Amino acid sequence: MKLIATTWLVVGMCWPWDEAWAQCDGQRYRYRIFDEVEVTSDVLYGSNIGASGVNEELFMDVYRPAGDTHTSRPVVVLAHGGFFLAGSKEGTDVVPLCEDLARMGYVAVSISYRLGIDDLLSLEVSLLEAVMRGVQDAKGAIRHLRKSHAEEGNPWGIDPSRVVLGGSSAGAFIALHSAYIDDLEEVPDAIDLTQPGLQGGLEGLSGSPGYASEVLSIVNLCGAMGDAGWMEVGDAPVVSVHGTADETVPFGTGFVQLLGFPVSQVDGSWPVHLQAEALGLDHVITLLEGEEHVPHMSDSGAYDVTRAAVTSFTSRQVCPSYPEIPAYYDVDAPPAVGCLGDIVANGTVGVEDLLLLLSEFGCTIGCEGDVDGDDAVSVADVLALLGVFGTPCF
């Protein structure tokens, strides 16, 4: 297996200077710093009418780092694959990622969503409807998480402003369409949004109305979307991993295939990232040369590359002070550094750190006060340090 293409684009972002900065110590959210994971299974998040016309309950499994004391952690919501016909929230395409994300300090959530294609004689339309049901369910899951934070005492210890949505294969279709279809006019005319189970517009009726379903960024593993042209300036950042020999979901523009039969033309990961580049969105794509569909499920090397690509990117979204690192890195080799802002390495961010930073203001070479890792000491470093002033290191 060879990694043949990694494209980087970093766009300036604004971030609230709050307690979340205290978590961004250079290790958390990038490295597996926790040994054990706590899993709460089958949490009911909503219900809706499925493809068969019967109401279905919707569940999520919540993965958390065991022994963690933080209670305002970013969430990564993942949807499994299976061509909207099979798969589950316990699938090997999502569970290892959820476990490793939790070991890095995230709260990870694996969701069920409504499966089923109701008309094999009209397969393309049925697939489009299945995607829309999945989009509505994912939005319902995100709303439920925010509702639990606001109304139920935040049982999972999440930060509702840092919610990432991703998926594998069909789940990646859900993530991409959730993020980039934001107008009913972009919904294909073939989808009848008045029929049971598809009502409620883009948000749907899968639960927790009144809460936001917006996301911080997207994780796309071997997915695609109907038209990359639906993406717009200001849309969510995206990271993708895709095999170049994928004959199920093309990494370029082509047809989704079911058992060798073409079903619907889509834009795979490559045109999605071409559009992201043109729009100035923050994005990273990793192409795996010669790999077929969802190689991270069966190839340990592909899994390692996939995990690193996802977390090197996502860690920058949840901790914008983090510098870029290669798309592949050793997730078990955290740097031997103190926490963000602890320049003098005395275990806390305080006056001594601020004075050292100010003494180096304007420095561009070998700067100890370069808190944000951009090779210069500037106002951005002062703001970053003030955002965590007084906090102890982990």
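Use the structure listed above.
Residues numbered from 1 in each chain as written. Predicted model: local features only at pLDDT ≥ 70, side-chain atom pairs only at ≥ 80, totals over all residues. Heavy atoms only, no water.

(A) View of the overall build of the protein chain. For the protein chain, the helix and strand inventory stands at 7 helices and 12 strands. Rg of the C-alpha trace for the protein chain: 21 Å, near the compact-globule value of 21 Å for 394 residues, within the 12% margin. Taken over the C-alpha atoms alone, the protein chain extends approximately 70 × 45 × 40 Å along its principal axes. Look at the contacts in the protein chain between residues 6 or more apart in sequence, and 72% of them connect residues 24 or more apart. In the form shown here, the protein chain has an accessible surface area of approximately 15400 Å², with 55% of it arising from carbon and sulfur atoms. Charged side chains of the protein chain number 17 positive and 57 negative; the gap between the two group centres comes to 6 Å. (Helix = DSSP H or I, 4+ residues; strand = E, 2+ residues; numbered from the N terminus. Rg over C-alpha atoms; globule rule 2.2 N^0.38 Å. Contact = heavy atoms within 4.5 Å. Areas by Shrake-Rupley, 256 points an atom, 1.4 Å probe, with all protein chains shown as cover. Lys, Arg positive; Asp, Glu negative; His and termini not counted. Charge placed at Lys NZ, Arg CZ, Asp CG, Glu CD.)

(B) The arrangement of the packing of helix α1 (residues 95-103) against helix α5 (residues 300-318) in detail. Contact geometry of α1 with α5 gives a least axis separation of 11 Å together with a crossing angle of 50°. It follows from the interaxial angle that α1 and α5 lie oblique. Along this stretch, α1 crosses α5, giving a crossing that reads as right-handed. Only Y303, R307 and T311 of α5 make contact with α1, whose side of the interface consists of P96, L97, D100 and L101. Tallied by class, residues from the contact of α1 with α5 come to 4 nonpolar, 1 polar and 2 charged. (Axes fitted to C-alpha atoms, helices over the stretch in contact; angles between N-to-C directions. Parallel < 35°, antiparallel > 145°, perpendicular 65-115°, else oblique. Left-handed = near helix turned anticlockwise from the far one by under 90°. Nonpolar A, V, L, I, M, F, W, Y, C, P; charged D, E, K, R; others polar.)

(C) Here's a closer look at the state of the cysteines. Summed over the entire model, instances satisfying the criterion amount to 2 disulfides. C24 shares a disulfide with C319; S-S distance 2.0 Å. Taking the sign of the S-S torsion, about -80° here, the bridge from C24 to C319 comes out left-handed. Of this pair, C24 sits in the loop between β1 (2-9) and β2 (37-49) while C319 sits in the loop between α5 and α6 (351-359), and the two are 295 residues apart along the sequence. Owing to a relative accessible area of 2%, C24 belongs among the buried residues under this scheme. (Disulfide = S-S within 2.5 Å. Buried < 20%, exposed > 50% of the residue type's maximum accessible area, 1.4 Å probe, protein only.)

(D) Highlighting the nonpolar core. By size, the foremost hydrophobic cluster in this structure holds 57 residues, and its most contacted members are M60, V77, F84, V109, I111 and I218. If one sorts the elements of this core by residue count, helix α2 (residues 123-151) sits on top with 9 residues. What M60 contacts, discounting residues up to four positions off in sequence, is T40, S41, D42, V43, Y45, K89, V109, S110, I111, A141, H144 and L145. In this structure, L78, L97, V318 and C367 belong to the second largest nonpolar core, which totals 49 residues. (Core = buried A, V, L, I, M, F, W, Y, C linked by side-chain atoms within 4.5 Å.)

(E) Region of the structure containing the pairing of strand β11 (residues 261-268). With 2 bridges joining them, strand β8 (residues 224-225) and β11 adopt antiparallel strand pairing. Counted as the bridge partner of M225 is D267 from β11. Sheet topology note: the strand β10 (residues 253-258)/β11 ladder contains 6 bridges and is antiparallel. When the bridges of β11 are listed, T253 appears paired with D267. Between β10 and β11, which pair antiparallel one after the other, the connecting turn spans 2 residues, and L259 there sits at a positive phi close to 55°. (Pairing = 2+ DSSP bridges.)

(F) The packing of aromatic side chains, seen in detail. For the structure on display, the rule yields 3 aromatic pairs. Ring geometry for Y29 versus Y106: centroids 4.9 Å apart, planes at 55°, classification tilted. Linking Y29 in the loop between β1 and β2 with Y106 in the loop between α1 and β5 (107-111), this pair joins segments that are 77 residues apart in sequence. Owing to a relative accessible area of 0%, Y29 belongs among the buried residues under this scheme. Relative accessible area serves as the criterion here: at 0%, Y106 is assigned to the buried category. Between Y31 and Y329 the ring centres are 5.5 Å apart and the planes differ by 80°, which places this aromatic pair in the edge-to-face class. Note that Y31 is positioned in the loop between β1 and β2 and Y329 in the loop between α5 and α6, a separation of 298 residues in sequence. (Phe/Tyr/Trp six-rings, centres within 6.5 Å; stacked < 30°, edge-to-face > 60°.)

(G) Highlighting the side chain of H296. Within the secondary structure layout, H296 lies in the loop between β12 (283-289) and α5. Owing to a relative accessible area of 6%, H296 belongs among the buried residues under this scheme. Non-local contacts of H296, meaning those with residues more than four positions away in its chain, are made with D93, S168, L221, A302, Y303 and T306.

(H) Looking closely at the sheet that holds β11. With respect to topology, 3 strands assemble into an open sheet ordered β8-β11-β10, the strand pairing being antiparallel. Single-partner strands in this sheet number two, and they are β8 and β10.

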